[in-house]
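Read off the chains here:
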Amino acid sequence: MATRSTWSLLLLSLLLWGSTGQAQTNEALAPLDLIQGGGTPAAIGPNALRVIGAKRCRLVVNPTLPALQPLRIAPSEVTQKNRMGCLSPADAIYSADGCPARLCGQTSGVLPLPAAQ
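Residues numbered from 1 in each chain as written. Predicted model: local features only at pLDDT ≥ 70, side-chain atom pairs only at ≥ 80, totals over all residues. Heavy atoms only, no water.

Caption draft 1: Summary view of the pattern of salt bridges. Evaluation of the coordinates by the stated rule reveals one salt bridge. In this structure, the salt-bridge partner of K81 is D91, at a minimum N-O distance of 2.8 Å. Of this pair, K81 sits in helix α4 (residues 78-84) while D91 sits in the loop between α4 and β1 (92-94); the two residues are ten residues apart in sequence, bridging distant segments of the chain. Both residues of the pair, K81 and D91, belong to the buried class. (Salt bridge = Lys/Arg side-chain N within 4 Å of Asp/Glu carboxyl O. Helix = DSSP H or I, 4+ residues; strand = E, 2+ residues; numbered from the N terminus. Buried < 20%, exposed > 50% of the residue type's maximum accessible area, 1.4 Å probe, protein only.)

Now the structure itself:
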């Protein structure tokens, strides 16, 4: 036979469970419309397909190794990106069409840490 505390716990859990399934109204989501992004690269931005096009780039990574292919960028951004140089070993130098031409390499874009004291 169930005790009073068991029934109380059951009733409390049913009340809490029933109150969690309420949908949000549009008024509750209205502040989200005020959020404005910025600084998103064109390669992953909302207009990526229109800006970059559907042309596929050749692989610059070894397909048998677990490495990520660098993203294609807009042709108008190539000069600025190549001028910045390599930001990490997984970064790439880009060709005029926005496709990665070659990986930067394991020593590019790496800042050496000071020796331990």
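Caption draft 2: Region of the structure containing the state of the cysteines. Under the definition given, this model contains two disulfides. A disulfide bridge connects C57 with C99, and the sulfur atoms are separated by 2.0 Å. For the disulfide bridge between C57 and C99, the dihedral angle about the S-S bond is near -75 degrees, and by the sign convention the bridge is left-handed. Of this pair, C57 sits in the loop between α3 (48-52) and α4 while C99 is found in the loop between β1 and β2 (100-103), placing the two residues 42 residues apart along the sequence. Across a sulfur-sulfur distance of 2.0 Å, C86 and C104 are joined as a disulfide pair. Classification of the bridge connecting C86 and C104 rests on its S-S torsion, roughly -85 degrees, and on that basis the disulfide is left-handed. Pair noted here: C86 is in the loop between α4 and β1 and C104 is in the segment after β2, with a separation of 18 residues, a long-range link. Take C104: its relative accessible area is 10%, and that puts it in the buried class. (Disulfide = S-S within 2.5 Å.)

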